[in-house]
Every structure is written in C-alpha cells, then in structure tokens.
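# Survey of secondary and tertiary structure
In case you want the letters, here they are:
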Amino acid sequence: MFGRLRRWRAERFAARHPFPEAAWAEARARLPLLAALGDDEAVRLGRRAWHFLHLKRLSLHPELAGRTTFDLPAQLALSAQACLLTLGWPFDDHIDAFGGVHELLILPESFRRHVEEMDEFGVMHEYVDERAGETSSQGPVVLAFPDLMESGGLDGFNVVIHELAHKLDLGNSLDVDGFPPLPRDIDSQEWHRIFMGVWDDLQAHLAREEPTPIDDYAASHPGECFAVCCEYFFTAPDVLNETYPALYELLTRYFRQQPLTRLPEDHATAHKDSRGHQGRSAQ
C-alpha cells in the first residue's frame, strides 16, 4: 500500500515539477563522476536527484551565499552525488535510506570541533579536529564548500558520498560503526570478516610506517573506513578493486552497482594524498 502511495506521489511530483533537462546536462558536464554514467543510469539518477532536491532543504551559510551563486546545475550535481549511493536500489528503498536526511548545509570553509574520545585502554583523549564534513543521526549533513568543489572527480575523494555513507551507516544505530543495515543476501558475518580484513591491513601499514593503499583516514575509525571505501567504490573503483577485491565485490552486491564499468578507457586515477584534505567526520 505504501509503495503504491509513493509511486502515485512520484508521478504527481513529475507532473507538477517538470524535469530541468538543460540544468541536468550542465551538471553532468561539470563533473566527471556524473559524465561517466551510461544513458539509462543518467536518466534515472537525474530524476532522483531532482526529487531529492525538493524533499530536502539545501542551505548555504549567509557568508557563502553572499559571495557565490549556487545555481541549479550545482544543486543538481550535489543532489546527484548523494543519490548515486542508492541508484541501484528500488525507489522505495532509496527514499527510506535517506529518511534521516533533512538538510544539507554548506559552510564557507572547513570547521573545527572539540573532540573527546576514549581509547581501548580507557584513556580519554581531547583534541581539536578540523573537518570538511559532518553528519549526525537527525542533524544536517554539513559540507565545507572548498571540499565540495573538489568532489565530483574520479580520484577517490568525494565529501558528499562520504557524509551520505555515514547516513546509510546510521540506519540501524545512533553511531557510525561501519555496519549499515544489510540486504538479505549479505550475511553480517561476511560483511564483518571482509571489512575487518581491510581494517587490519590498514593498521598493519600504519604500524610499519608505510603508506596505506587508500586514504589513511579510513584507518581512524571503522565508520570512517566504510565511508572512505564508499568514496573509492564510486570514484576510484579501479584502486579499490586492485587493492581490496573482496571488498569491491561485496560493495557491488550492497549497492547493486558496478562502477568499474563506468570508467573511461583512458582513465588513470589521480590518487589524492590523504593529507591533502581535512577530516571528514561523523558526530
């Protein structure tokens, strides 16, 4: 019953809000991540992004609003990067997955948070964390404008995907833990085993003082590991598949997508140094 009601509402929405074809074409032209989509996927993603824009509130900090024009193609590009995560899921599942997303707030610059964390030995550590994004269970998705402008390439970095991955992670708890709600065909033990294998490998690289094969922010917390791996899955799937093939295959089943097939034939990933971006945290 609820599925039929949602479909009726979707049809009603389409009739009342004609899809902006020109703005969507411009959004795709601006971002390699969107330009790489096949025609059928692009049509479906564009319409979901348009619908998402009308369901969620998109807010610019007053200081930012006074110095930039965030036009409709930019808004669609932001929305599309969020909706890309759920593109392979049925529309109803897509709506449910982002039920906790009410607002996307864009700030002029990265921002600081005072953090208190207890380690495994019960010792409390306090520090100031500079962030490019932030997500909480019912709060807004906060994005720093400079990092948003750097997102959308095929290089392993995407602050929108990172923060919306946290929202998926929060679907079954109040804290990000790298363990989102799973479909029936993925066993929780398999998920845990594969992700812990990645986590252990990252920790081993750090212990040997060697560069990590993906952004070392993934080694800071299991929830960040999931979010960073989602960034790579969508924007540098060749790197993730080469480094952690079992994880890539697991995420193809979770997201119901095959990003490797979208990469241009002449694509060469420009792997960003993890120190080139501020922390992208959940709170």
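Every value quoted in this text rests on a predicted model; they were computed, and no experiment measured them.

## Observations regarding the overall build of the chain
On a plain count of helices and strands, the chain comes out with 13 helices and 6 strands. Expressed as a percentage of contacts within the chain between residues at least 6 apart in sequence, the contacts between residues at least 24 apart total 68%. When the accessible surface of the chain is totalled, it reaches about 13900 Å², and 52% of it is carbon and sulfur.

## Quick word on the pattern of salt bridges
In total, this model carries 10 salt bridges according to the counting rule given. The partner of R262 in a salt bridge is E41, and the shortest N-O contact between them spans 2.9 Å. Of this pair, R262 sits in the loop between α13 (245-255) and β6 (279-282) while E41 sits in helix α4 (residues 39-55), placing them 221 residues apart in sequence. Its salt-bridge partner being R208, residue E210 comes within 3.1 Å of it at the nearest N-O pair. Here R208 falls in the partly exposed class, since its relative accessible area comes to 47%. Salt bridges sharing common partners tie together E26, R30 and D71.

## Considerations on helix α2 (residues 21-30)
Where α2 is concerned, the buried positions are A23, W24, A27 and R28. Projection of α2 onto a plane perpendicular to its axis shows the buried side chains occupying an angular sector of 140°, all on one side. In this structure, α2 carries A22 and A29 as exposed residues pointing more than 90 degrees from its buried face. The secondary structure elements touched by the buried residues of α2 are α3 (32-35), α4 and α6 (72-83).

## Things to note about the packing of α6 against helix α9 (residues 159-169)
Remark: α6 packs on α9, axes separated minimally by 8 Å, with the N-to-C direction vectors making an angle of 45°. Taken together, the axes of α6 and α9 are oblique relative to one another. Of the two elements, α6 crosses α9, and the hand of that crossing is right-handed. Across the interface between the two elements, L78, Q81 and A82 from α6 touch V160, I161 and L164 from α9.

## A word on unusual backbone geometry
Backbone geometry follows two general trends: most residues other than glycine have a negative phi, and most peptide bonds adopt the trans configuration. At E209, a position not held by glycine, the phi torsion is positive, near 60°. Of note, E209 is situated in the loop between α10 (188-207) and α11 (222-235). For E209, a relative accessible area of 75% corresponds to the exposed category.

## What about the packing of aromatic side chains?
Taken as a whole, this structure holds 13 aromatic pairs when the rule is applied. Measuring from centroid to centroid gives 6.3 Å for F226 and Y254, while their planes differ by 80°, and the two rings are edge-to-face. Residue F226 is located in helix α11, and its partner Y254 is located in helix α13; the two are separated by 28 residues in the primary sequence. For the pair F226 and Y254, one class covers both residues: buried. Chaining the aromatic ring pairs together yields one cluster made of W89, W191, F195, F226, F233, F234, Y248, Y254 and F255.

## So, the side chain of S151
Structurally, S151 is set in the loop between α8 (145-150) and α9. Engagement of the side chain of S151 in a polar contact is seen with the backbone oxygen of D147, the distance being 2.9 Å. For S151, the side chain forms a polar contact with the main-chain nitrogen of V159, separated by 3.0 Å. In contact with S151, not counting residues within four places along its chain, are L31, Q81, F157, N158, V159 and V160.

## Examining the environment of L105
Take L105: it is sitting in strand β2 (residues 103-107). Look at L105 and you get partly exposed, because its relative accessible area is 22%. Remark: the alpha-carbon pair of L105 and V142, spanning 37 residues in sequence, is separated by 4.8 Å. The contact partners of L105, leaving out residues within four places of it in the chain, are S59, H61, P140, V141, V142 and L143.

## Quick word on the confidence of the model for the chain
Predicted confidence across the chain gives a mean pLDDT of 87, with 84% of residues reaching 70 or more. A low-confidence stretch, residues 274-279 (pLDDT under 50), is modelled with 16 contacts involving residues beyond four sequence positions or located in other chains.

## Structural notes on the nonpolar core
Core analysis: the largest hydrophobic core is formed by 75 residues, its most contacted members being L247 and F255. It is α11 that provides the largest number of residues to this core, a total of 9 residues. Among residues more than four places away in sequence, those in contact with F255 are L85, G88, W89, L168, C230, F233 and F234.

## Focus on empty space enclosed by the protein
Tallying each qualifying case throughout the model produces 3 cavities of 30 Å³ or more. Here the largest cavity is characterised by a volume of approximately 50 Å³. Around the largest cavity, the lining residues are L33, A36, L37, L154, F234, P259, R262 and L263.

Cut-offs and rules
- The residue numbering used here restarts from 1 in each chain and proceeds along that chain's sequence as written.
- Note on the predicted model: pLDDT of at least 70 is required for a residue's local features to be given, and 80 or more for side-chain atom pairs to be given and counted; whole-chain, interface and lining totals, by contrast, use all residues.
- To get the side-chain values, take all heavy atoms of the structure and skip hydrogens and water.
- Secondary structure elements are taken from DSSP: a helix is a run of H or I of four residues or more, a strand is a run of E of two residues or more, and numbering for both begins at the N terminus.
- Two residues form a contact once any of their heavy atoms are found within 4.5 Å.
- Computed with the Shrake-Rupley method and a 1.4 Å probe, the accessible areas treat only the protein chains shown as cover for residues.
- In what follows, salt bridge is the name for a side-chain nitrogen of Lys or Arg lying within 4 Å of a carboxyl oxygen of Asp or Glu.
- Exposure categories follow from relative accessible area, calculated using a 1.4 Å probe and restricted to protein chains: below 20% of the type maximum is buried, above 50% is exposed, and the middle band is partly exposed.
- What the arc covers is the set of directions going from the helix axis to the C-beta atoms.
- In this description, a line fitted to the C-alpha atoms serves as the axis of each element, helices being fitted only across the stretch in contact, and the angle between N-to-C directions of two axes falls anywhere from 0 to 180 degrees.
- Working rule for angles: under 35 degrees goes down as roughly parallel, over 145 as roughly antiparallel, 65 to 115 as roughly perpendicular, anything else as oblique.
- Should the near helix be turned counterclockwise from the far one by less than a right angle, the crossing is left-handed, whereas a clockwise turn marks it as right-handed.
- Only rings of Phe, Tyr and Trp enter the pairing, Trp through its six-membered ring, and a pair is recorded when the two centres are within 6.5 Å. The plane angle decides the type: under 30 degrees is stacked, over 60 is edge-to-face, the rest tilted.
- Each polar contact in these results corresponds to two N or O atoms within 3.5 Å; when the atoms are within protein, one needs to be able to donate a hydrogen and the other to accept it, and residues that are neighboring in sequence are counted only if both atoms are side-chain atoms.
- The quantity known as pLDDT measures the predictor's confidence residue by residue, on a range of 0 to 100.
- In plain words, nonpolar cores are sets of buried Ala, Val, Leu, Ile, Met, Phe, Trp, Tyr and Cys residues tied together by side-chain atoms within 4.5 Å.
- Cavities and pockets were defined on a 1 Å grid built from protein atoms only: a cavity is a group of points that admits a 1.4 Å probe but offers it no way out, a pocket is an open group of points flanked by protein on both sides within 12 Å along at least five of seven lines, and a lining residue is one with an atom within 4 Å of any such point.
- Grid points are joined across faces, edges and corners, and a volume is the space filled by probe spheres set on the points.

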